[in-house]
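The chain contents come next:
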Amino acid sequence: MSGGEGTVPAVGAGIPAREYPVTARAPGKAILFGEHAVVHGRPELLLAIDLHTQVTAHRAAAWSLNRRTAAVRENPYLAALLADAGPGGRPLALTAVSRLPRASGLGSSAAFVAALLAVVAAGSGGSGRAALAGRGYAVERAAQGGVGSPGDTAATVFGGLLAINGGPGPVLWEASDGKRSWAVRRVADPGWTWVIGYSGTPHDTAATVRAVGRRLARPDGEALLDRFAAVAGDGIRAVAAEDRDRVGALLDENQRLLAEIGVSTPRLEELLEAVRPASAGAKLTGAGAGGSVVVLPRAGREIEAVRRLARAGAIALAVRTAPGGVTLLEPPDPEGEAAPPAEGP
Ligand code: PMV
């Protein structure tokens, strides 16, 4: 399924100021090329997907999440956000719902943080997207023990198809951890349908990133990173050129590299094998060691790819690009709802 001409959505407006209650929705993500290598400054290509996390905030006497005040200490992302914001923020009762399974490689934590930051920003004068992304990345890093790239944050805040440290065009947002820096650019979106298969096994991103760091510290580490970079660079060009066969071949090649650094598992390989007849190419997405696979189906075989993954025991979904990033939902319009049916002629 091609969307015809590639489209590059503009950066949407930021988060406006609003009275509470406020609801924000933030998309998840799938990584097409370059996870793990991006942590070491190499290129990555990822897309925001149309599965969202939604957070609603009401003014309250004390902070709570899904009616639990203890969750404020126990949830590492909320705890990091409040530590970052300082004690000045007025408390909110938060409720969160998500279509993204947790720790599945689909960016559930970045989406939760972005939606959270958006509802907080709405009550304190609003925020531009770059500022929101900067805060989101700081919160994610703090909650994950100081490891990770800003890729997931960029996808959920800006939406669309994004290249990190690759691709042509203007830079949307830049981030740095003091040692490395990452420049985020938009890539024209071919409008394809992708298929996700969640293995049902959650993973630990920070532990996997550290294990890969140890693997890459060996003498062949730099050469391995260069191979990841070459595949991601070719992948970014092939997606922009809407060359499905080439993108598929590069996804498979990226998967072989991920297996080489030790983050694929027999279960993920089983899913990739099951979907192969309907797939132009496929790989794990995210940290690996559990989590999900992302599949570029052969044209017209999207449903077959979903069925094959489901039959192999995955939670399988067809997804498309979420063109916009985190956004506030419009409050219900009481006038509109109460409006009488239009009079007949
Ligand atoms: O598994 P996830 O969704 O947390 O994605 C991790 C992606 C890595 O490249 C492995 C880490 C990162 O921060 O970019």
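Residues numbered from 1 in each chain as written. Predicted model: local features only at pLDDT ≥ 70, side-chain atom pairs only at ≥ 80, totals over all residues. Heavy atoms only, no water.

Colleague: Please clarify how the sheet that holds strand β11 (residues 315–319) should be interpreted in this entry.
Modeller: Picture the strands of a sheet paired through backbone hydrogen bonds; they go either parallel or antiparallel. Pairing is antiparallel across the open sheet formed by four strands, whose spatial order is β9-β10-β8-β11. Strands with a single pairing partner mark the edges of an open sheet, and in this sheet they are β9 (279–285) and β11. On average, each strand axis in the sheet is inclined to that of its neighbour by 20°, with strand direction left out of account. When β9 meets strand β10 (residues 292–297), the two strands line up antiparallel, connected through six bridges. Note on β10: the bridge partner recorded for Leu284 is Val293. Each of β8 (194–198), β9 and β10 is contacted by helix α8 (residues 244–260), which is oriented at about 35° to β9, the strand it contacts most. (Pairing = 2+ DSSP bridges. Helix = DSSP H or I, 4+ residues; strand = E, 2+ residues; numbered from the N terminus. Axes fitted to C-alpha atoms, helices over the stretch in contact; angles between N-to-C directions. Contact = heavy atoms within 4.5 Å.)

Colleague: Looking at this structure, how should I read the nonpolar core?
Modeller: Formed by 104 residues in total, the largest nonpolar core has its most connected members in Leu32, Phe33, Leu45, Leu94, Trp194, Val247 and Leu309. Ranked by residue count, the leading element in this core is helix α3 (residues 108–122), at eleven residues. What Val247 contacts, discounting residues up to four positions off in sequence, is Phe33, Trp192, Trp194, Ala238, Val239 and Leu296. (Core = buried A, V, L, I, M, F, W, Y, C linked by side-chain atoms within 4.5 Å. Buried < 20%, exposed > 50% of the residue type's maximum accessible area, 1.4 Å probe, protein only.)

Colleague: I'm lost on the pairing of strand β2 (residues 44–59) in this one. Help?
Modeller: Where a strand is regular, its side chains alternate between the two sheet faces. Judged by how many residues are buried, β2 sits mostly within the fold: twelve of 16 residues are covered. With eleven bridges joining them, strand β1 (residues 22–33) and β2 adopt antiparallel strand pairing. For Ala30, the partnering residue across the bridge sits in β2 and is Leu47. Direction of pairing for β2 relative to strand β4 (residues 92–98): antiparallel, over a ladder of seven bridges. From the neighbouring strand, Gln54 faces β4, where its bridge partner is Val97.

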